Amino acid sequence: MSIASTPGVDKNATSVFSQISTMDHEQVVFCFDQPTGLKAIIAIHNTILGPALGGTRFWNYSSEQEALRDALRLSRGMTYKASITGLHLGGGKAVIIGDARKDKSEALFRRYGQFVNSLNGRYITAEDVGTTSADMEWIGRETRFVTGLPEYLGGGGDPSPFTAYGVYLGMKAAAKEAYGSDNLSGKKVMVQGVGHVGEYLVEHLHKEGAIIYVTDIYEDRMQAVSSRFNVITVSPEEVFNVSVDIYAPCALGGTLNDETIPRLRCQIVAGAANNQLEDETEHGQMLMDSGILYAPDFVINAGGLINVASEWEGYSRERSMAQCERIYDRTLEIFRLAKSKNIPTAKAAQLLAEERIRKIAAIHARR
Ligand code: NAD
């Protein structure tokens with residue numbers, strides 16, 4: 001087994017195998033069940049460091065190609081995330097195609113759980129955008145390869161508070177790098193997407209005295225957050241027209257691209273969303289050339305993975321929090337490496353992640 005050295009994703013690839021081959025996946029499983037309406041894709045990217053752990057996303061994709069591309073990119077991101085965080089896990093991710101507000105059912109999740117179970121532990125699932133701890137409980141009726149279970153079942157519950165805490169620490173590290181101080185008091189922060197993670201992030205920022213802007217495609221989400229905290233609400237279309245210090249993408253990925261990067265009016269990008277760079281090579285470089293400091297997503301949003309991984313190994317909230325604390329120093333280390341090599345921060349983070357996988361693969365090869 002090998003890990004490809006960060007190839008670009010062929011956005012125009014249409015055949016299944018041409019899409020899969022660009023990113024060096026080990027296995028991709030298509031799950032279909034007519035009675036429940038289940039259409040899911042499980043992508044296992046790399047299992048050198050351990051079983052592939054990654055959440056299941058429930059999303060109304062505009063095409064099956066888009067769903068596959070998301071599963072492939074997200075699962076590779078999980079490989080990097082687990083590696084750089086020092087976890088003994090590989091990278092995997094799954095997507096269920098459908099509307100999370102309409103199409104969920106117990107039968108659908110349990111059928112999906114059976115598919116997960118058929119992989120016999122090569123893939124372990126958890127929650128992601130559109131899925132909750134309650135959904136994991138249904139999946140858990142059919143397989144033990146599930147994390148993110150509710151606390152009353154011995155799980156760690158919702159991983160989002162841990163993700164938000166790590167993002168907050170990564171953001172502080174970025175502020176330290178950019179401004180010489182990690183104090184976020186008085187800093188203007190735009191939180192794009194105030195779902196599970198976004199709302200907890202707002203809470204941290206509020207406590208520290210940041211000036212917070214929020215946006216969401218759902219009005220009820222914006223209202224829920226503005227009823228709890230002193231925030232300025234912005235419509236989703238206006239997000240790049242507001243001048244801020246820090247842009248925190250906490251919705252979906254791909255928001256850093258050819259169209260948006262020239263419009264960014266901030267010094268730092270630090271958020272929770274996975275795959276923020278539409279093209280990690282091109283757009284990582286564009287951010288660097290624009291003088292914008294990017295805190296790589298898979299480095300600073302690892303808190304949730306840390307927490308579900310802890311559940312897999314015997315849950316300890318204290319251990320999870322202690323591991324989350326390390327995100328601050330790790331982010332600074334990546335900034336140092338990027339500076340010393342004069343490369344984008346995303347590239348520096350990928351190099352570190354790949355180096356660990358290569359070293360462990362070499363040990364296994366010698367056995
Ligand atoms: P969520 O579904 O609870 O929240 C996402 C929010 O973004 C929703 O409120 C949604 O309405 C909003 N949104 C979607 N598109 C938008 C747009 N164009 N503009 C503004 N708002 C928009 O999901 P979450 O669990 O909070 O995760 C947020 C992001 O962080 C995702 O990309 C997820 O993959 C990533 N992430 C989450 C975790 C976790 O622990 N939950 C861990 C790592 C990474």
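Residue indices follow the written sequence of each chain, beginning from 1 at its first position. Per-residue local features are limited, in this predicted model, to residues with pLDDT of at least 70; the limit for side-chain atom pairs, both in listing and counting, is 80 or more; totals at the level of whole chains, interfaces and linings are taken over all residues. Hydrogens are left out, water is left out, and the side-chain values use all remaining heavy atoms of the structure.

## Quick notes on the sheet that holds strand 12 (residues 293-294)
Part 1: Strand order in the open sheet formed by six strands is 9-8-7-10-11-12, with parallel pairing between adjacent strands. Where the open sheet ends on each side, the last strands, each with one partner, are strand 9 (231-233) and strand 12.
Part 2: Pairing between two strands is assigned when DSSP locates at least 2 bridges connecting them. Numbering of helices and strands starts at the N terminus; helices are DSSP runs of H or I of at least 4 residues and strands are runs of E of at least 2. One ladder, built from five bridges, connects strand 7 (residues 188-192) with strand 8 (residues 211-215); its direction is parallel. Within strand 8, the residue paired with Gln 192 across the bridge is Thr 215.

## As for the site of the ligand
Part 1: Being near a molecule or strand, for a residue, means having at least one of its heavy atoms within 4 Å of it. Near the ligand you find 22 residues, and of these Arg 57, Thr 163, His 196, Asp 216 and Ala 251 are the closest.
Part 2: Side-chain atoms alone can form a polar contact between residues adjacent in sequence; in general such a contact is a pair of N or O atoms within 3.5 Å, and within protein one must be able to donate a hydrogen while the other accepts it. Between the ligand and Thr 163 there is a distance of 2.6 Å, counted from an oxygen atom to a side-chain nitrogen or oxygen.
Part 3: Within the backbone of Ala 272, an N or O atom sits 3.3 Å from an oxygen atom of the ligand.
Part 4: Protein contact buries 87% of the 830 Å² of open area that the ligand shows by itself.
Part 5: Counting only elements with at least two residues in the shell around the ligand, the list comes to helix 5 (160-179) and helix 6 (196-208).
Part 6: What fixes the domain bounds is an automatic or database domain assignment. Mapping the shell around the ligand onto the domain boundaries places at least three of its residues in each of domain 1 (16-78 + 91-153) and domain 2 (160-302 + 331-352). Per-residue and other accessible areas follow the Shrake-Rupley method at a 1.4 Å probe size, with only the shown protein chains counted as cover for residues.

## A look at the nonpolar core
Part 1: The biggest cluster of nonpolar side chains holds 82 residues, and the ones touching the most others in it are Ile 42, Tyr 112, Met 171, Val 191, Leu 201, Val 202 and Leu 205.
Part 2: Counting residues per element, this core draws most heavily on helix 5, at 10 residues.
Part 3: The contact rule is simple, with two residues in contact once any of their heavy atoms fall within 4.5 Å. In contact with Val 191, not counting residues within four places along its chain, are Gly 198, Leu 201, Val 202, Leu 205, Ile 212, Tyr 213, Val 214, Thr 215, Ala 248 and Cys 250.
Part 4: Counting 18 residues, the second-largest nonpolar core is a separate cluster that includes Val 234, Val 242, Tyr 247 and Ile 261. To define a nonpolar core, start from buried Ala, Val, Leu, Ile, Met, Phe, Trp, Tyr and Cys residues and group those joined through side-chain atoms within 4.5 Å. Accessibility here uses a 1.4 Å probe with only protein chains present; expressed as a share of the type maximum, an area under 20% marks a residue as buried, one over 50% as exposed, and anything in between as partly exposed.

## Quick look at the pairing of strand 1 (residues 27-33)
Regular strands place their side chains on alternate faces of the sheet.
Part 1: As paired strands, strand 1 and strand 2 (residues 38-46) are joined by seven bridges and run antiparallel to one another. Counterpart to Val 29 in the pairing with strand 2 is Ile 42.
Part 2: Two successive antiparallel strands, strand 1 and strand 2, enclose a turn made up of four residues, where Gly 37 displays a positive phi of approximately 80°.

## A few points about the domain arrangement of the protein
Part 1: Domain boundaries assigned for the protein yield domain 1 (16-78 + 91-153) and domain 2 (160-302 + 331-352).
Part 2: Computed over C-alpha atoms, the centres of domain 1 and domain 2 are 26 Å apart.
Part 3: Computed with a 1.4 Å rolling probe, the buried area is the accessible surface lost when two parts are put together, summed over both parts. Between domain 1 and domain 2, the buried area comes to about 970 Å², and carbon and sulfur atoms account for 41% of it.
Part 4: The largest per-residue losses of area from domain 1 upon contact with domain 2 belong to Trp 59, Arg 73 and Arg 101, which jointly make up 49% of the total buried on that side.
Part 5: Within this document, salt bridges are pairs made up of a side-chain nitrogen of Lys or Arg and a carboxyl oxygen of Asp or Glu, the two lying within 4 Å of each other. If you look at where domain 1 meets domain 2, you find three salt bridges.
Part 6: Note that Glu 280 and Arg 76 form a salt bridge whose closest N and O atoms lie 2.7 Å from each other.

## Here's the deal with the state of the cysteines
Part 1: Here, the term disulfide refers to a pair of cysteine sulfur atoms separated by no more than 2.5 Å. Considering all chains together, one arrives at zero disulfides under this definition.
Part 2: Cysteine Cys 324 remains unbridged, with the sulfur of Cys 250 as its closest cysteine sulfur at 15 Å.

## Details of the packing of aromatic side chains
The geometry of an aromatic ring pair comes down to the distance between the two centres and the angle between the two planes.
Part 1: Here the aromatic set is Phe, Tyr and Trp, taking the six-membered ring for Trp, and pairing holds for ring centres within 6.5 Å; pairs whose planes are under 30 degrees apart are stacked, those over 60 apart are edge-to-face, and all others are tilted. One pass over the full model with this rule turns up six aromatic pairs.
Part 2: Consider the rings of Phe 109 and Trp 138, whose centres lie 6.0 Å apart with planes at 25°: the pair is stacked. Taken as a pair, Phe 109 in helix 3 (residues 106-118) and Trp 138 in helix 4 (residues 133-140) lie far apart in primary sequence, 29 residues in all.
Part 3: By relative accessible area, Phe 109 is classed as buried at 0%.

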